[in-house]
Amino acid sequence: MATGIVVVFDFDHTIIDCDSDDWIFDHFGVTKLFNELLLTMSWNSCVDWMMKEIQTQGRTIQEIAECLKRVPLHTHIITAIKSAHALGCDLRIVSDANVFFIETILKHYGLLEYFSEINTNPSFIDEQGRLRILPFTSFPHGCTVSCPTNMCKGKIIERIRASSFGEGKKQLVYIGDGKGDFCPSLKLREGDYVMPRKNYPVWELICSNSLLIKAEIHEWRDGDELEHKLLRLLNTFIITDEAQNSMTMNPLPPICSTHQLLPQALPVPPY
Ligand SMILES: [Mg+2]
Ligand SMILES: [Zn+2]
């Protein structure tokens, strides 16, 4: 079993094969307005502003949920998640999407129960019955790597390491695609693994700063390759871990055990 491993997934363009915010705004035909707002506001504030806007125009939370259920999620990602869980890994999400989007999509695909923790921007229903999005942290997080003002994924990874390693976890696997996934990649240590999506921003940042990365790097292009590479990594870990355990529990026998190796003397009949 791989019970010593915590696998941390980003959500947009990692678990799902698109950006959930873009997906919603494209569907409701407000992408142009969203892009204009992004010129002067942070992504997280824009998403909240746009959610207010589309619901003020008469769209309901139910319509938003139905739209989220059509988000593309590769079948190999589903099997990767289920297999990693079956091998005993602790699966978590660290994402700059939001609780409502992530839970709606994961529930729809029957995957929510496989994750022990979802770290993302909170959502709530305001006094006018509209779905709203809050920042993950509303105070300055002080990180200057490449993190948006509302979330430093590196700090979340440090918290996950501190709490889960106290419970006997030994290694982290981090899977992501975006600029915001670079900071947590820098926090990984020797013995950990980082899995950047090839040709996406975090892969480019990792390739051009590879000396700063202590974790072993395993790139992937699509759901098929992610499943294949993740399961290969986990199986390697299991084999190594079992070999170490059997060495501890059953130390090698002494090189020479005269008692068993030498021929036994025949019993001499009494005179
Ligand atoms: Mg992403
Ligand atoms: Zn950061």
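Everything quoted here is computed from the prediction, not taken from an experiment.

Q: I'd like a description of the overall build of the chain, backed by residues and values.
A: When its secondary structure is counted, the chain shows 11 helices and 8 strands. The C-alpha radius of gyration of the chain comes to 25 Å, more than 25% above the 18 Å expected for a compact globule of 271 residues. Structurally, the chain occupies a C-alpha span of about 115 × 40 × 30 Å along its principal axes. When each of the 271 residues of the chain is scored for burial, the buried share is 35%. Put simply, 66% of the contacts in the chain that link residues at least 6 apart link residues at least 24 apart.

Q: Could you give me a rundown of helix H7 (residues 153-166), with the residues and numbers involved?
A: In a regular helix each residue adds 1.5 Å, so 14 residues correspond to 20 Å; H7 covers 20 Å between its end C-alpha atoms and thus fits that length. Structurally, H7 contributes buried residues whose contacts are with strand E1 (5-9), strand E2 (90-98), strand E3 (115-121), strand E6 (171-176) and helix H8 (182-187). Just past H7, the residue glycine 168 takes up positive phi, approximately 100°.

Q: Give me the lowdown on the UniProt feature "active site" (unreviewed entry) in the chain, citing residues and values where you can.
A: As annotated by UniProt and renumbered to match this structure, "active site" (unreviewed entry) occupies Asp10 and Asp12. Within the secondary structure, aspartate 10 is located in the loop between E1 and helix H1 (20-27). The contacts of aspartate 10, once residues within four sequence positions are left out, are Val94, Ser95, Ile175, Gly176, Asp177, Gly178 and Asp181. Inspection of the secondary structure assignment puts aspartate 12 in the loop between E1 and H1. Setting aside chain neighbours within four positions, we find aspartate 12 in contact with Asp19, Ser20, Ser95 and Ala97.

Q: Residues and numbers for the nonpolar core, please.
A: Val7, Val8, Val173, Tyr174 and Met195 are the most contacted members of the largest nonpolar core, which has 63 residues in total. Those residues in contact with valine 8, other than ones at most four positions away along the chain, are Arg92, Val94, Ile157, Ile160, Leu172, Val173, Tyr174 and Ile175.

Q: Tell me about unusual backbone geometry, and name the residues and values.
A: Peptide bonds are trans in most cases, and residues, glycine excluded, mostly fall at negative phi. One non-glycine residue, histidine 13, lies in the positive phi region at around 65°. Topologically, histidine 13 is positioned in the loop between E1 and H1. What makes histidine 13 partly exposed here is the crowd of 19 C-beta atoms within 10 Å.

Q: With reference to specific residues and values, describe helix H3 (residues 43-56).
A: In this model, H3 (14 residues) spans 20 Å end to end at C-alpha, consistent with the 20 Å of a helix rising 1.5 Å per residue. Those residues of H3 that fall on the buried side of the exposure criterion are Asn44, Cys46, Val47, Asp48, Met50, Met51, Ile54 and Gln55. Immediately beyond the C-terminal end of H3, within one or two residues, lies glycine 58, with a positive phi of roughly 110°.

Quick notes on the rules
- Residues numbered from 1 in each chain as written.
- Chains lettered and ligands numbered in written order.
- Predicted model: local features only at pLDDT ≥ 70, side-chain atom pairs only at ≥ 80, totals over all residues.
- Helix = DSSP H or I, 4+ residues; strand = E, 2+ residues; numbered from the N terminus.
- Rg over C-alpha atoms; globule rule 2.2 N^0.38 Å.
- Buried ≥ 20, exposed ≤ 12 C-beta atoms within 10 Å, placed from the backbone.
- Contact = placed C-beta atoms within 7 Å.
- Expected span 1.5 Å × (residues − 1).
- UniProt positions renumbered as here; feature names shortened; annotations may be inferred.
- Core = buried A, V, L, I, M, F, W, Y, C linked by C-beta atoms within 7 Å.

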